[in-house]
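Single-letter residue listing:
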Amino acid sequence: MLKNFKFTSFFPSKIRAVISDFAVVIAVMVLIINDVCAGLNTAKLEVPHKFEDTSTEKVGLTYSLS
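Since the structure is predicted, the reported quantities are computational estimates derived from the model, not experimental observations.

Asks: So what's going on with the overall build of the protein? Residues and values would help.
Replies: Secondary structure summary: the protein contains three helices and zero strands in total. Buried residues in the protein amount to 8% of all 66 residues. As displayed, the protein offers around 6600 Å² of accessible surface, 67% of which is attributable to carbon and sulfur atoms.

Asks: Can you explain the pattern of salt bridges? Please cite residues and give values.
Replies: Here the idea is simple: oppositely charged side chains can pair when their charged atoms come close. The tally for this structure, following the rule as stated, stands at one salt bridge. D35 is paired through a salt bridge with K44; the nearest N and O atoms lie 3.0 Å apart. Classification of K44 by relative accessible area gives exposed; the value is 54%.

Asks: Could you give me a rundown of a nonpolar patch on the surface, with the residues and numbers involved?
Replies: Together, V18, F22, V24, V25, I26, V28, M29, V30, I32 and V36 make up an exposed nonpolar region whose accessible area comes to about 890 Å². Element by element, the count of residues in the nonpolar patch is highest for helix α2 (residues 23-38), at eight residues. Positionally, V30 belongs in helix α2. When its relative accessible area of 43% is taken as the criterion, V30 is described as partly exposed.

Here is what the cut-offs are and how they apply
- Residues numbered from 1 in each chain as written.
- Predicted model: local features only at pLDDT ≥ 70, side-chain atom pairs only at ≥ 80, totals over all residues.
- Heavy atoms only, no water.
- Helix = DSSP H or I, 4+ residues; strand = E, 2+ residues; numbered from the N terminus.
- Buried < 20%, exposed > 50% of the residue type's maximum accessible area, 1.4 Å probe, protein only.
- Areas by Shrake-Rupley, 256 points an atom, 1.4 Å probe, with all protein chains shown as cover.
- Salt bridge = Lys/Arg side-chain N within 4 Å of Asp/Glu carboxyl O.
- Patch = residues over 30% accessible without salt bridge, like charges linked within 9 Å, V, L, I, M, F, W, Y side chains within 5 Å.

The following block contains the structure:
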């Protein structure tokens, strides 16, 4: 829907181009706002606090560069 928005005559062409370029980001933000406002209990991505390898047994390119 937002991707086809680029070719409509609803807004001036520059505004339509910006909205079309950021259509995915706009869609994600709208869904996040809906999730927060509605209080839905959806699964969230758990981001680790520290960046580390998943297995210490594997030796690869990351160890050869350090």
